[in-house]
Amino acid sequence: MSKKALVVDDEKVIVKGIKFSLEQDDIIVDCAYDGQEALDKARANEYDIILLDVMLPIMTGFEVCQQIREFSNVPIIMLTAKGDDMDKILGLEYGADDYITKPFNILEVKARIKAIMRRASKNADSKDVISYGDLKLNEEYRRVFVGSKEINVTSREYELLELLASNPGKVYSREELLTTIWGTEYPGDVRTVDVHIRRLREKLESNPSEPRYVRTKWGSGYYFQA
């Protein structure tokens with residue numbers, strides 16, 4: 001079955017170029033040119049990936065990303081023309097899975113998309129359930145539950161939690177987590193890991209400042225407490 005992508009940018013030349021390139025890989029591409037149109041299409045359709053520009057008319061990419069996260073875990077890659085680190089961190093804070101800075105090489109964009117889709121497909125083949133107390137991870141559907149409540153996590157947050165929960169007690173350095181989850185070619189730094197850990201704790205823990213599951217080994221990294 002063909003994968004489906006939503007490409008969002010107010011620069012039609014960029015959208016046209018990305019659309020053409022992705023269609024060469026048999027990916028079905030929908031396009032949107034402002035924030036509201038992007039949000040409407042994300043609500044009305046099921047996508048495997050969304051490429052979302054930060055600077056958009058009507059609503060910013062950050063606002064769109066935040067609202068999409070209220071109803072979907074679809075992987076989102078932010079596109080930003082700015083080199084400022086704060087834009088990248090803000091994208092992650094609002095629930096983005098990855099970011100690419102303009103101007104970009106279309107081959108890099110395609111490589112990032114394929115990596116995310118490959119991980120999602122690999123996890124979809126598994127039918128295991130990881131369970132620790134009230135916390136459950138359904139690996140078939142990549143869903144997380146605390147008690148009877150489903151926790152809405154991003155693709156990266158899920159992968160990070162799954163890795164830690166599959167190896168309880170094992171301490172991973174921030175560098176190891178960055179390399180394992182984001183890949184060796186990822187241009188970001190270890191702050192990306194810290195942002196995702198903090199977001200996971202805010203979602204999973206009744207008291208994020210004293211986490212029950214995702215713990216810190218000071219000076220070493222993070223580990224999962226079974």
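Residues numbered from 1 in each chain as written. Predicted model: local features only at pLDDT ≥ 70, side-chain atom pairs only at ≥ 80, totals over all residues. Heavy atoms only, no water.

- An unreviewed UniProt entry annotates the protein chain as Stage 0 sporulation protein A homolog of Butyrivibrio proteoclasticus.
- UniProt, in the comment section headed Function (unreviewed entry), describes the protein chain in these words: "May play the central regulatory role in sporulation. It may be an element of the effector pathway responsible for the activation of sporulation genes in response to nutritional stress. Spo0A may act in concert with spo0H (a sigma factor) to control the expression of some genes that are critical to the sporulation process." (UniProt positions renumbered as here; feature names shortened; annotations may be inferred.)

### Observations concerning the sheet that holds strand S9 (residues 149-151)
In any sheet, the strands associate via hydrogen bonds between backbone groups, in a parallel or an antiparallel arrangement.
Here's step 1: In spatial order, the strands read S6-S7-S8-S9; together these 4 strands make up an open sheet with antiparallel pairing. For this open sheet the edge positions go to strand S6 (129-132) and S9, each flanked by a neighbour on one side alone. Sheet twist, expressed as the mean angle between neighbouring strand axes with direction ignored, is 25°.
Here's step 2: Across 4 bridges, strand S7 (residues 135-138) lies against strand S8 (residues 143-146) in antiparallel orientation. Each residue of the ladder has a partner; that of leucine 137, found in S8, is valine 144. (Pairing = 2+ DSSP bridges. Helix = DSSP H or I, 4+ residues; strand = E, 2+ residues; numbered from the N terminus. Axes fitted to C-alpha atoms, helices over the stretch in contact; angles between N-to-C directions.)

### Regarding the UniProt feature "modified residue: 4-aspartylphosphate" (unreviewed entry) in the protein chain
Here's step 1: This chain's UniProt record puts "modified residue: 4-aspartylphosphate" (unreviewed entry) on Asp53.
Here's step 2: Among the structural elements, aspartate 53 can be located in strand S3 (residues 49-53).
Here's step 3: Of the residues examined, aspartate 53 reaches a relative accessible area of 4% and is grouped as buried.
Here's step 4: Setting aside residues up to four positions removed in sequence, aspartate 53 forms contacts with Val8, Asp9, Asp10, Gly61, Leu79, Thr80 and Lys102. (Buried < 20%, exposed > 50% of the residue type's maximum accessible area, 1.4 Å probe, protein only. Contact = heavy atoms within 4.5 Å.)

### Concerning the pairing of strand S11 (residues 221-224)
Here's step 1: Sheet analysis places strand S10 (residues 214-217) next to S11, joined by 4 bridges and oriented antiparallel. Bridging across to S11, arginine 215 finds its partner in tyrosine 223.

### Some thoughts on the pattern of salt bridges
Here's step 1: Enumeration according to the criterion identifies 20 salt bridges in this entry.
Here's step 2: Here aspartate 9 ties to lysine 102 by a salt bridge, and the two come within 2.6 Å at their closest N and O atoms. With aspartate 9 in the loop between strand S1 (4-8) and helix H1 (12-23) and lysine 102 in the loop between strand S5 (98-101) and helix H5 (106-124), the pair connects residues that are 93 residues apart, well separated along the chain.
Here's step 3: A salt bridge links arginine 143 to glutamate 150, with the shortest nitrogen-to-oxygen separation between them at 2.8 Å. (Salt bridge = Lys/Arg side-chain N within 4 Å of Asp/Glu carboxyl O.)

### Overview of the sheet that holds S5
Here's step 1: With respect to topology, 5 strands assemble into an open sheet ordered S2-S1-S3-S4-S5, the strand pairing being parallel. One side of each edge strand has no neighbouring strand; the edge strands of this open sheet are strand S2 (28-32) and S5. Across the sheet, the axes of successive neighbouring strands diverge by a mean angle of 20°, strand direction being ignored.
Here's step 2: In terms of strand pairing, strand S4 (residues 76-80) meets S5 through 4 bridges, oriented parallel. Bridged to threonine 80 within S5 is threonine 101.
Here's step 3: On top of the sheet, helix H2 (residues 35-44) reaches S1, S2 and S3; it is set at about 140° to S2, its chief contact.

### What to know about the state of the cysteines
Here's step 1: On inspection of all chains with the given rule, the structure shows 0 disulfides.
Here's step 2: No disulfide involves cysteine 31; its sulfur sits 19 Å from that of cysteine 65, the nearest cysteine.
Here's step 3: Taking the relative accessible area as the measure of exposure, cysteine 31 reaches 11% and is therefore buried.
Here's step 4: Assessed through its relative accessible area of 0%, cysteine 65 is described here as buried. (Disulfide = S-S within 2.5 Å.)

### Quick word on the environment of isoleucine 27
Here's step 1: Considering the arrangement of structural elements, one finds isoleucine 27 in the loop between H1 and S2.
Here's step 2: For isoleucine 27, a relative accessible area of 10% translates into the label buried.
Here's step 3: Taking the C-alpha atoms as reference points, isoleucine 27 and leucine 160, separated by 133 residues in sequence, lie 27 Å from one another.
Here's step 4: The contact partners of isoleucine 27, leaving out residues within four places of it in the chain, are Lys3, Lys4, Ala5, Leu22, Ile113 and Met117.

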